[in-house]
Amino acid sequence: QPVNFYIYADAWDLQSSLVNPDIWTGGQAFPDYGSIMIGIEVDNLDWGERTVAHELGHLVIGQLVYGPFGWIPTWLSEGIAMNAEGELTENFQDSLDSAVSNDALFSVRSIASSFPSDSDEAILCYAESHSIVKFLIDNYGSENFLNLLDLFKEGITDDEALEQIYGFDTDGLNRYWRTSLGLEPEPSSTPI
């Protein structure tokens, strides 16, 4: 479907046009309306290009799961959008690496509905989402991943969808993903 882009001079101008945005919001997709709003500064076009890919990822997923029951967990939506950007940039990768080395990851279940408003914690959640989606595709294939999205279109819960496609629920995904990062299945401490 056609996409309408609304480009603002910077994040502040964008945030001024939104209702209750997080302080780190630099772009937002509205799949139901085929629209994307982004604040791109002239001297930050590299970031702008990545953000366009990110928000287009949201629109494509929105169209794939569109329907009266279409919903996907935040980690999945943001993970797909982050993978649309390509490899993680240094600040996201550093955040993920630090959380892995300190065993301070958010659980998959804790980032299913929303991300924290704190920008450092949000960066970690975006990086984790990228890692989780990459884990699923790399270990179980693209076809299974697309089948997972089809189930969400039918209105199935995230636990049921993961069980049907992969044989584990959200907590199981958390265990297998953590193990793939070299961590114990359960955290040694709970992140702040």
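Up top is the structure.
Every chain is numbered independently, its residues counted from 1 as its sequence is written. Thresholds applied to this predicted model are a pLDDT of at least 70 for local features of residues and 80 or more for the giving and counting of side-chain atom pairs; totals over whole chains, interfaces and linings are not thresholded and use all residues. The basis for the side-chain values is all heavy atoms of the structure; hydrogens and waters are excluded.

Q: Any chance you could explain the sheet that holds strand S3 (residues 35-39) here in plain terms?
A: Adjacent strands of a sheet form backbone hydrogen bonds with each other and so pair up, either parallel or antiparallel. Strand pairing is assigned whenever DSSP detects at least two bridges linking the two strands. Helix and strand assignments follow DSSP, with helices taken as H or I runs no shorter than four residues and strands as E runs no shorter than two, numbered in order from the N terminus. Strand order in the open sheet formed by 3 strands is S1-S3-S2, and the pairing between neighbours is mixed. One side of each edge strand has no neighbouring strand; the edge strands of this open sheet are strand S1 (4-8) and strand S2 (27-30). If you compare each strand with its neighbour and ignore which way they point, the axes differ by 10° on average. Looking at chain direction, S2 and S3 are connected through 4 bridges and run antiparallel. By the bridge assignment, Phe30 is partnered in S3 with Ser35. Here a residue-residue contact requires only that any non-hydrogen atoms of the pair lie within 4.5 Å. Angular values range over 0 to 180 degrees, each being the angle between N-to-C directions of two axes fitted as lines to C-alpha atoms, with helices fitted over their stretch in contact. Sitting on the sheet, helix H2 (residues 45-64) is in contact with S1, S2 and S3, with an inclination near 155° to S3.

Q: Would you mind showing me how to read the pairing of S3 here?
A: Regular strands show a simple pattern: their side chains alternate between the two faces of the sheet. Remark: exposure states derive from per-residue accessible area (1.4 Å probe, protein chains only) relative to the maximum for the residue type, with buried under 20%, exposed over 50%, and partly exposed in between. Extensive coverage of S3 is indicated by the burial of 5 of its 5 residues. Side-chain alternation along S3 places Ser35, Met37 and Gly39 on one buried face and Ile36 and Ile38 on a second face that is also buried. The hairpin turn running from S2 into S3, its antiparallel successor, is 4 residues long, and Gly34 in that turn takes a positive phi close to 60°.

Q: Just to check I follow, could you spell out unusual backbone geometry for this structure?
A: Residues other than glycine predominantly adopt negative phi, and peptide bonds predominantly adopt the trans conformation. Although it is not a glycine, Asn20 sits at a positive phi angle of roughly 50°. Here Asn20 is to be found in the loop between helix H1 (11-17) and S2. Residue classification places Asn20 among the exposed residues on the basis of a relative accessible area of 72%. Backbone geometry at Asp103 places phi at a positive 50°, although glycine is not the residue there. Positionally, Asp103 belongs in the loop between helix H4 (90-101) and helix H5 (119-140).

Q: I tried to follow the nonpolar core on my own but got confused; where do I start?
A: In globular proteins that are soluble, nonpolar side chains generally tend to be buried together. Residues belong to a common nonpolar core when they are buried Ala, Val, Leu, Ile, Met, Phe, Trp, Tyr or Cys residues joined through side-chain atoms within 4.5 Å. Counting residues in each nonpolar core, the largest one holds 40 residues, and the members touching the most others are Trp75, Leu76, Leu105, Leu136, Phe145 and Leu173. Only helix H3 (74-85), H4, H5, helix H6 (142-153), helix H7 (158-166) and helix H8 (170-180) provide two or more residues apiece to this core. Ranked by residue count, the leading element in this core is H5, at 9 residues. Grouped together as the second largest cluster of nonpolar side chains are 5 residues, Ala29, Ile36, Ile38 and Leu59 included.

Q: Would you explain the environment of Met82 in this entry?
A: Within the secondary structure layout, Met82 lies in helix H3. For Met82, a relative accessible area of 3% translates into the label buried. Along the sequence, Met82 and Gly155 sit 73 residues apart, while their C-alpha atoms lie 24 Å from each other. Ignoring any residue separated from it by four or fewer positions in sequence, one finds Met82 in contact with His54, Leu88, Phe92, Tyr126 and His130.

Q: It is not clear to me how H3 should be interpreted in this structure. Could you clarify?
A: Working note: α-helix, 3.6 residues per turn, so residues spaced by three or four point in the same direction. Here, expected helix span is obtained from the residue count minus one, scaled by 1.5 Å. Between its first and last C-alpha, H3 extends 17 Å over 12 residues, near the 16 Å set by a 1.5 Å rise per residue. Burial runs high along H3: 10 of the 12 residues are buried. When we look at burial in H3, the residues that qualify are Thr74, Trp75, Leu76, Ser77, Glu78, Gly79, Ile80, Ala81, Met82 and Glu85. Next to the buried residues of H3 lie H2, H4, H5, H6, H7 and H8. Gly86 lies just past H3 and shows a positive phi near 110°.

As far as function goes, none of this settles anything; it's purely spatial.
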